[in-house]
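Structure at a glance
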Amino acid sequence: MPHVDAPSLAIEVRDLTVAYRDKPVLWDVDLEVPAGVLLAIVGPNGAGKTTFIKAVLGLVDPAAGSVLILDQPYRADRSRVAYVPQRGSVDWDFPTNVLDVVLMGLYGRIGWFRRPGANHREAALKALAQVGMESFADRQISQLSGGQQQRVFLARALVQDAEVYFMDEPFQGVDATTERAIVELLRDLRARGKTVVVVHHDLQTVPEYFDEVMLLNVRRIAAGPVSEVFSEDNLRETYGGRVAFLSAALARKNA
Amino acid sequence: MMGFLDDYTLRTVALGAALLGLAAGALGGFALLRRQSLLGDAISHAALPGIALAFLLTGSKSPVVLLAGAAVVGWLGAVSVDKLSESSRIKYDSALGMMLSVLFGFGLVLLTWIQRQPDANQAGLDSYLFGQAAALVDRDLWVISIIGTIVLLLTLLFWKEFKLVSFDREFAHTIGMPVRYLDRLLTGMLVAAIVIGLQTVGVVLMSAMIIAPAAAARQWTDRLGVMIMLAAVLGAISGVGGAVVSSLQPNTPTGPAIVILVSVFVTVSLLFAPHRGLVFREIRAWKAGRALRVEAVLVDLYALASQHADSSHPHSDRVLDVMASMSGASRRTLQLLRTLGFARQIDARHWALTPEGEQRARSVLQERKGGRV
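None of the values given here were measured: they were computed from a predicted structure. (Residues numbered from 1 in each chain as written. Chains lettered and ligands numbered in written order. Predicted model: local features only at pLDDT ≥ 70, side-chain atom pairs only at ≥ 80, totals over all residues. Heavy atoms only, no water.)

Along chain B, the regular secondary structure elements total 17 helices and three strands. For chain B, the C-alpha radius of gyration of 30 Å lies well beyond 21 Å, the compact-globule estimate for 373 residues. Dimensions of chain B, computed from C-alpha atoms along their principal axes, come out at roughly 100 × 55 × 40 Å. Evaluated residue by residue, chain B yields a buried proportion of 48% over its 373 residues. By sequence separation, contacts in chain B at least 24 residues apart represent 68% of the contacts at least 6 residues apart. (Helix = DSSP H or I, 4+ residues; strand = E, 2+ residues; numbered from the N terminus. Rg over C-alpha atoms; globule rule 2.2 N^0.38 Å. Buried < 20%, exposed > 50% of the residue type's maximum accessible area, 1.4 Å probe, protein only. Contact = heavy atoms within 4.5 Å.)

The structure is reproduced here in structure tokens:
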């Protein structure tokens, strides 16, 4: 259970609106995420899921809205937030190795003009062990499989030792081993009182993996505990007419 | 060789070219990884109107003044490309191409106009087009050394920051790095590295000094530090080599000699570097193909054998040719199978599986089944 003085809300988003050249991508989105919760953001392609995370993190400029993380603006203390971008957002042919990428998670703490030391290396190796990649520390990143790339990115976020984690499609195109490793990791983070927001595309696994869910399609359709808001009506409203594949997801939930 | 050191001109040119090669190579490494190879091209071409404008404004032909003009306009060109691609629908590379040709054209117009003036003072500006290394003097060398050293020191100082913004800008942003300032700093350093090469190599060819050493270095290593260092060293070697070649061969201009030398490095690296070189890749593809052919014929033999009670029953190679019309069997593959101990030749035309071959074929089939899930 959270400490007495812990903030009740990990993330508080008000009226978040983002537009690309007059076209709204996110419209007036509110979201409140309690601390210690695993939350999935689901919605069709182009619903603004990635944009939502990027706007919360200040990577895209919102047209309107405010974001508080642990009762503070994000810029006030970046060390409490960790970000796992989509794996396809970087060039994996970059000349570097696995350990080096994980160490990048510590650059904020290491500070200007200094090089990572032995203690940083140790922390990075520990994070790699948590995702089952410790034997890959010296491996060139160009030689990793998709799932291994994903786990390296997760290790980089773990080493940040943040309070709130944002992950963009961590389950996208990964092997079964990696999927299990990520699920275990999410549960471990929750057990340690961390809050995790995950952009997710597989409706079937939402009830199994997550506590809360936000259904997003430019507007927020619904958000809250999975048992309350992950309903056929809400899914239909989020995904429009394409509901044939939804019944399976719901069957899972009701099982 | 020792005689060269006594030659004032050669010594000056060689030192200057070495230093510009170091700086251009190192900065080019980052430009290459950030997919900004063309940025160097745009900056160096934008330098031409900068040189002409500096002359028009000051009336001075002092290299320091002209290069300052080149730096200012080169920097403005690079920043405008950023702004243009951010604030309009024009793509970054189109914006670069436009900036490059527009500014270079403008520079040529200014240069022609200056040369038409009835003033004898204007001669010599056009030497910046292709460079005129022989005109380097001690004072130029000082300028090159100081700027080159600053550029290299900044690279070391901001090493991990430059690495992170080159690899993952958005992540760098989320941990609070001033990504935009680091971008500008790298661009500024690139401008500086280009400007100190203009006297020696010239605006037209300078971009080769940015791209080529980096492209060659990337072929040989998967480590950023090694790559940047190698790019700098290759740049320096090309610089010195070009200076020596042009002093040995009268009428060979230094700039083009340097660029030809660096192109040789690129060609050799593209072809022969281990892992990434074309020759290495061809060999690897050929080996993989051979392994596949061996497996295919082995499996064919196994399929034939399984139709007989006795698995060592001999089969004609013609049957195998028919079966292998898809998998590409050949006499050579059968010979290879024999060398590996998987098949034996019964007579001129007939072949049979050995027990080892049978076992290997079974495990190949097992793997294929497993892989198809």
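Moving on from the model shown.
Residues and elements named next belong to chain A. Inspection of the secondary structure assignment puts His-120 in helix H4 (residues 118–130). A relative accessible area of 16% places His-120 in the buried class. Contacts of His-120, omitting those with residues within four sequence positions, involve Leu-103, Leu-106 and Ile-110.

Bringing the layout of surface pockets into the picture now. Taken as a whole, the largest pocket encloses approximately 1,200 Å³ of empty space. Lining the largest pocket are 31 residues, and of these Glu-86, Arg-169, Glu-170, Val-179 and Asp-183 of chain B sit closest to its centre. Taken together, the elements giving at least two residues each to the lining of the largest pocket come down to helix H4 (63–87), helix H8 (159–167), helix H9 (169–174) and helix H10 (179–195) of chain B. Broken down by class, the residue content of the lining of the largest pocket amounts to 11 nonpolar, seven polar and 13 charged. In this structure, the second largest pocket spans a volume of roughly 640 Å³. Looking at the second largest pocket, it is lined by 27 residues, and the ones nearest its centre are Arg-115 of chain A together with Trp-159, Lys-163, Leu-224 and Gly-225 of chain B. (1 Å grid on protein atoms, 1.4 Å probe; cavity = no way out; pocket = protein on both sides within 12 Å on 5 of 7 lines; lining within 4 Å. Points joined across faces, edges and corners; volume = space filled by probe spheres on them. Nonpolar A, V, L, I, M, F, W, Y, C, P; charged D, E, K, R; others polar.)

Hydrogen bonds along the backbone pair up the strands of a sheet, which may run parallel or antiparallel. All names here are of chain B. Spatially, S1-S3-S2 is the arrangement adopted by the three strands of the open sheet, whose pairing is antiparallel. With partners counted over all chains shown, the strands left at the sheet margins are strand S1 (315–316) and strand S2 (343–345), one partner each. As paired strands, S2 and strand S3 (residues 350–353) are joined by three bridges and run antiparallel to one another. Within the sheet, the bridge partner assigned to Gln-345 lies in S3 and is Trp-351. Each of S1, S2 and S3 is contacted by helix H14 (residues 278–305), which is oriented at about 85 degrees to S3, the strand it contacts most. (Pairing = 2+ DSSP bridges. Axes fitted to C-alpha atoms, helices over the stretch in contact; angles between N-to-C directions.)

Moving on to the environment of Ser-306 of chain B. Among the structural elements, Ser-306 of chain B can be located in the loop between H14 and S1. Considered as a pair, Ser-306 of chain B and Glu-358 of chain B are 52 residues apart in the sequence and their alpha carbons are 9.7 Å apart.

Moving on, we get to empty space enclosed by the protein. All names here are of chain B. Counted by the stated rule, this structure contains two cavities of 30 Å³ or more. Roughly 70 Å³ of internal volume is contained in the largest cavity. For the largest cavity, the full set of lining residues is Leu-27, Phe-30, Ala-31, Arg-34, Gln-36, Leu-39, Asp-183, Leu-186, Thr-187 and Leu-190. At the level of elements, helix H2 (8–33) and H10 are the ones that each hand at least two residues to the lining of the largest cavity. Of the residues in the lining of the largest cavity, the class split is six nonpolar, two polar and two charged.

Take the sheet that holds strand S5 (residues 81–84) of chain A next. Residue and element names in this part refer to chain A. Judged by pairing direction, the sheet is mixed, and its six strands sit side by side in the order S5-S6-S7-S3-S8-S9 without closing on themselves. At either margin of the open sheet sits one strand with a lone partner, and together these are S5 and strand S9 (219–225). Sheet twist, expressed as the average angle between the axes of neighbouring strands with direction ignored, equals 15 degrees. Taken strand by strand, helix H1 (residues 49–56) contacts strand S3 (38–42), S5, strand S6 (164–168), strand S7 (195–199) and strand S8 (212–217), and its axis lies near 145 degrees from that of S6.

Domain assignment breaks chain B into domain 1 (2–255) and domain 2 (280–371). Centre-to-centre, using C-alpha coordinates, domain 1 of chain B lies 58 Å away from domain 2 of chain B. (Domains from an automatic or database assignment.)

Per-residue confidence for chain B averages 88 on the pLDDT scale, and 94% of its residues sit at or above 70. The least confident element of chain B, judged by mean pLDDT, is helix H1 (residues 2–6) of chain B at 56; the most confident is H8 of chain B at 97. (pLDDT = per-residue confidence, 0-100.)

All names here are of chain B. Judged by side-chain polarity, Trp-220, Ile-260, Val-264, Val-268, Leu-271, Phe-272, Leu-278, Val-279 and Ile-283 come together as a nonpolar surface patch covering roughly 790 Å² of accessible area. Breaking the nonpolar patch down by element, the ones donating at least two residues are helix H13 (254–272) and H14. Per-element accounting of the nonpolar patch gives the leading share, five residues, to H13. Along the polypeptide, Val-264 turns up in helix H13. By relative accessible area, Val-264 is classed as partly exposed at 43%. (Patch = residues over 30% accessible without salt bridge, like charges linked within 9 Å, V, L, I, M, F, W, Y side chains within 5 Å. Areas by Shrake-Rupley, 256 points an atom, 1.4 Å probe, with all protein chains shown as cover. Salt bridge = Lys/Arg side-chain N within 4 Å of Asp/Glu carboxyl O.)

With that settled, consider the packing of helix H3 (residues 37–58) of chain B against helix H5 (residues 92–116) of chain B. All names here are of chain B. The N-to-C vectors of H3 and H5 enclose an angle of 25 degrees; their axes lie 8 Å apart at closest approach. Classified by the angle their axes make, H3 and H5 are roughly parallel. Seen from above, H3 lies across H5 with left-handed handedness. Judged by residue contacts, Leu-38, Leu-39, Asp-41, Ala-42, His-45, Ala-46, Leu-48, Pro-49, Ala-52, Leu-53, Phe-55 and Leu-56 of H3 engage Tyr-92, Leu-96, Leu-100, Leu-103, Phe-104, Phe-106, Gly-107, Leu-108, Leu-110, Leu-111, Trp-113 and Ile-114 from H5. When grouped by side-chain class, the residues that make up the contact of H3 with H5 number 21 nonpolar, two polar and one charged. (Parallel < 35°, antiparallel > 145°, perpendicular 65-115°, else oblique. Left-handed = near helix turned anticlockwise from the far one by under 90°.)

Another point: the nonpolar core. One finds Met-167 and Leu-186 of chain A together with Leu-198 of chain B to be the most contacted residues of the largest nonpolar core, which totals 132 residues. Core analysis: the next-biggest nonpolar cluster, separate from the first, contains 31 residues, Leu-39, Val-56, Val-197 and Val-199 of chain A among them. (Core = buried A, V, L, I, M, F, W, Y, C linked by side-chain atoms within 4.5 Å.)

A word on the pattern of salt bridges. Tallied over the full model, the rule gives 25 salt bridges over all chains. With its nearest N and O atoms 4.0 Å apart, the salt bridge here joins Glu-237 of chain A to Arg-219 of chain A. A residue pair is termed long-range when its members are at least 10 positions apart, and Glu-237 of chain A in helix H9 (residues 232–239) and Arg-219 of chain A in strand S9 qualify at 18 residues. Taking the relative accessible area as the measure of exposure, Glu-237 of chain A reaches 47% and is therefore partly exposed. The class of Arg-219 of chain A is partly exposed, set by a relative accessible area of 42%. We note a salt bridge from Lys-160 of chain B to Glu-161 of chain B, for which the minimum N-O separation is 3.0 Å. Like Lys-160 of chain B, the residue Glu-161 of chain B is buried in the burial classification. Look at the salt bridges and you will find they share partners, linking Asp-161, Glu-163, Asp-188, Arg-192 and Lys-194 of chain A into a network.

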